[in-house]
Amino acid sequence: MTVLDHPLVGVLVTELRDERTPVERFREVVEQLGRLLAYEALREVRVREKAVRTPVAGATGTRLAASPTVVCILRAGAGLTPGVLSLIPGARMGHLGMARDEATLEPRTYYDKLPPDVADGPVLLCDPMLATGGSAVAAVELLAGRGCRDVTFLGVIAAPEGVKRLTEAHPEVPLVLAALDERLDGRGYIVPGLGDAGDRIFGT
Ligand SMILES: O=P(O)(O)OC[C@H]1O[C@H](OP(=O)(O)OP(=O)(O)O)[C@H](O)[C@@H]1O
Ligand SMILES: O=c1cc[nH]c(=O)[nH]1
Ligand SMILES: [Mg+2]
């Protein structure tokens, strides 16, 4: 697990936590964090050489060995993915619609649209919140069922309970986070967290 260790990430997460942050700024900050999380998550991505000509001479550059797929867990993941795509604009995108049942806290998958070749490269699975971990585990298992073997989870805030559940079920999935919080409350919200990410991104 990697928790981004950078003062500017701390400043951005603090803006998200602040209940007074308006929806337009909340969206901007989630997008910025998507960019920073993707930057870190792709640190070890496989590359190949690429020959280019500068105005001065030939140079040996770099290209990604395989095109990544960005998978968004709706709704709140849609706040992160524009930032992720800003770094890898050619990436394919997949969407998984998942909503937690408020009583049982178990996720219900209501939509699933993945590129047919999703397993041909690395997958960046995006959801700002990892609470009980139920949604992330369900998403990883759905992706595994489509053959994905190289999945990285990108999240803004995680609870220790969610990290434990995801890493015990899928130790092969690296986590890249902006913050690791204290615990869950009785309703399954991350403490101190930022509230309901989907509601704050979409103004609902
Ligand atoms: O780790 P878990 O306990 O599964 O909780 C985390 C999930 O809860 C939130 O989604 P929510 O179900 O509120 O749906 P939304 O994004 O449509 O608001 C969040 O965006 C995660 O998907
Ligand atoms: O704290 C939480 C927990 C789950 N989903 C959220 O959006 N926030
Ligand atoms: Mg929500």
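Details of the structure are given in the entry above.
Predicted model, so just to flag it, every value in this text is computed and none were measured.

Q: Would you take a moment to explain the site of ligand 2 for this structure?
A: The local shell around ligand 2 consists of R100, M129, A131, G188, Y189, I190, G195, D196 and A197. Interatomic distance of 2.8 Å between a backbone N/O atom of A197 and an oxygen atom of ligand 2. Coverage of ligand 2 by the protein amounts to 89% of the 240 Å² it exposes when considered alone. Tallied by class, residues from the shell around ligand 2 come to five nonpolar, two polar and two charged.

Q: Help me out: how do you make sense of the pattern of salt bridges in this one?
A: Close approach of charged atoms lets side chains of opposite charge pair. Within the structure shown, the criterion is met by 11 salt bridges. Taking the shortest distance from any N to any O, the salt bridge between R25 and E15 comes out at 2.7 Å. Within this pair, whereas R25 is found in helix α2 (residues 23–41), its partner E15 is found in helix α1 (residues 7–17), the two being separated by 10 residues in sequence. According to the relative accessible area criterion, R25 is partly exposed, its value standing at 25%. Ionic pairing is found between E106 and R165, a salt bridge with its closest N-O pair at 3.5 Å. Of this pair, E106 sits in the loop between β5 (92–100) and β6 (107–113) while R165 sits in helix α5 (residues 160–169), and the two are 59 residues apart along the sequence.

Rules used throughout
- Residues numbered from 1 in each chain as written.
- Chains lettered and ligands numbered in written order.
- Predicted model: local features only at pLDDT ≥ 70, side-chain atom pairs only at ≥ 80, totals over all residues.
- Heavy atoms only, no water.
- Near = heavy atom within 4 Å.
- Polar contact = N/O pair within 3.5 Å; in protein donor to acceptor, adjacent residues only side chain to side chain.
- Areas by Shrake-Rupley, 256 points an atom, 1.4 Å probe, with all protein chains shown as cover.
- Nonpolar A, V, L, I, M, F, W, Y, C, P; charged D, E, K, R; others polar.
- Salt bridge = Lys/Arg side-chain N within 4 Å of Asp/Glu carboxyl O.
- Helix = DSSP H or I, 4+ residues; strand = E, 2+ residues; numbered from the N terminus.
- Buried < 20%, exposed > 50% of the residue type's maximum accessible area, 1.4 Å probe, protein only.

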